[in-house]
Amino acid sequence: MTPAAPAYRRLSVEERRSQLLEAALGLFAHRAPEEVSLDDVAEAAGVSRPLVYRYFPGGKQQLYEAALRSAADELRLCFDEPREGPLLPRLARALDRYLAFVDHHDAGFSALLQGGSVVETSRTTAIVDGVRRAAAEHILSHLRVSDPGLLLRMTVRMWITAVEAASLIWLDEEKQPPLDELRDWLVEQFLAVLTVTANRDPQTAALVRTMAEDV
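**What about the overall build of the chain?**
Assigned secondary structure in the chain consists of 9 helices and 0 strands. Moving toward the C terminus, one meets the helices and strands of the chain in the order α-α-α-α-α-α-α-α-α. Per-residue burial over the chain gives 44% buried out of 215 residues. In the chain, of all internal contacts separated by at least 6 residues, the share reaching a separation of at least 24 is 68%. Entry remark: accessible area of the chain is about 12,000 Å², with carbon and sulfur atoms responsible for 54%.

**Remarks on the nonpolar core**
Residues Tyr98, Leu143 and Trp159 are the most contacted members of the largest nonpolar core, which totals 65 residues. It is helix α5 (residues 87-114) that provides the largest number of residues to this core, a total of 10 residues. Among residues more than four places away in sequence, those in contact with Trp159 are Leu91, Leu95, Ile139, Leu186, Gln189, Phe190 and Val193.

**Some words on the side chain of His142**
Note that His142 resides in helix α6 (residues 122-142). Sequence-distant contacts of His142, defined by excluding residues within four places in its chain, comprise Phe79, Glu81, Pro82, Arg83, Leu87 and Arg90.

**As for a nonpolar patch on the surface**
On the surface, Leu150, Leu151, Met154 and Met158 cluster together into a nonpolar patch covering about 390 Å² of accessible area. Structurally, Met158 can be placed in helix α7 (residues 150-172).

**A word on the side chain of Asp201**
Among the structural elements, Asp201 can be located in the loop between α8 (179-198) and α9 (202-214). Arg153 provides the closest opposite charge to the buried, salt-bridge-free Asp201, at an N-O distance of 9.5 Å. In contact with Asp201, not counting residues within four places along its chain, are Leu151 and Leu152.

**Focus on the environment of Val47**
One can find Val47 in the loop between α2 (38-45) and α3 (49-55). With sequence-adjacent residues up to four places away left out, Val47 is seen in contact with Arg16, Gln19, Leu20, Ala42 and Val52.

**Overview of the layout of surface pockets**
A volume near 180 Å³ is recorded for the largest pocket. Taken together, Leu151, Met154, Thr155, Met158, Trp159, Ala162, Gln189, Val193, Val196, Thr197 and Arg200 form the lining of the largest pocket. Residue assignment for the lining of the largest pocket shows that the elements contributing at least two residues are α7 and α8. With 6 residues, α7 is the largest single contributor of residues to the lining of the largest pocket. Counted by class, the lining of the largest pocket contains 7 nonpolar, 3 polar and 1 charged residues.

**Digging into unusual backbone geometry**
In this model, Gln176 is joined to Pro177 through a cis peptide bond whose omega is 5°. Topologically, Pro177 is positioned in the loop between α7 and α8. Phi at Arg144 takes a positive value of approximately 60°, unusual for a residue other than glycine. By secondary structure assignment, the location of Arg144 is in the loop between α6 and α7. Look at Arg144 and you get exposed, because its relative accessible area is 55%. The phi dihedral of Glu174 falls on the positive side, at around 60°, and the residue is not glycine. Tracing the chain through its elements places Glu174 in the loop between α7 and α8.

Calculation criteria
- Residues numbered from 1 in each chain as written.
- Predicted model: local features only at pLDDT ≥ 70, side-chain atom pairs only at ≥ 80, totals over all residues.
- Heavy atoms only, no water.
- Helix = DSSP H or I, 4+ residues; strand = E, 2+ residues; numbered from the N terminus.
- Buried < 20%, exposed > 50% of the residue type's maximum accessible area, 1.4 Å probe, protein only.
- Contact = heavy atoms within 4.5 Å.
- Areas by Shrake-Rupley, 256 points an atom, 1.4 Å probe, with all protein chains shown as cover.
- Core = buried A, V, L, I, M, F, W, Y, C linked by side-chain atoms within 4.5 Å.
- Patch = residues over 30% accessible without salt bridge, like charges linked within 9 Å, V, L, I, M, F, W, Y side chains within 5 Å.
- Salt bridge = Lys/Arg side-chain N within 4 Å of Asp/Glu carboxyl O.
- Lys, Arg positive; Asp, Glu negative; His and termini not counted.
- 1 Å grid on protein atoms, 1.4 Å probe; cavity = no way out; pocket = protein on both sides within 12 Å on 5 of 7 lines; lining within 4 Å.
- Points joined across faces, edges and corners; volume = space filled by probe spheres on them.
- Nonpolar A, V, L, I, M, F, W, Y, C, P; charged D, E, K, R; others polar.

None of this, on its own, says anything about what the molecule does.
This is the structure:
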């Protein structure tokens, strides 16, 4: 008897959409958005170009924004660390996840943060800014500060900007130094900027003293 062929399973709408987004993210991970076409996405997903249009009638722009939201959701989760134990080890674990994302998505991460892409819009800019704000909220939550003052908020947001800049420079420098060294340096930077702010801000000073007691 001839063996029965495996049954074909039709993908649901959500499964097909996820498949296309995964294919797009894989391409955007290593190529700038303007270098990726819908034909490339269709080929990577093993489907036809019309099928891609069926799920993303807005074409490449809609697909890119959807892929960007998916990547943004993953980046937000990087800082979602249990609020247990000393702060700096928690921050190090969050950075490990963040830097692993940078390492995996290299060219796509550069395009995401540096902008200037032909598919950049106010919506894509808002998505990226949302990641930065979410990261700041996570860090302030880790600091257990319910009502952060201006200088503390500015310090945290400045450090997030420094992490982004260091990540981009790390990619330009052919991924040197090693990730663990980069992570430790960024953690030390965080403590350093908090210490500087503590000289001017009593709230931050109390926070730094608490962190010293936890070490």
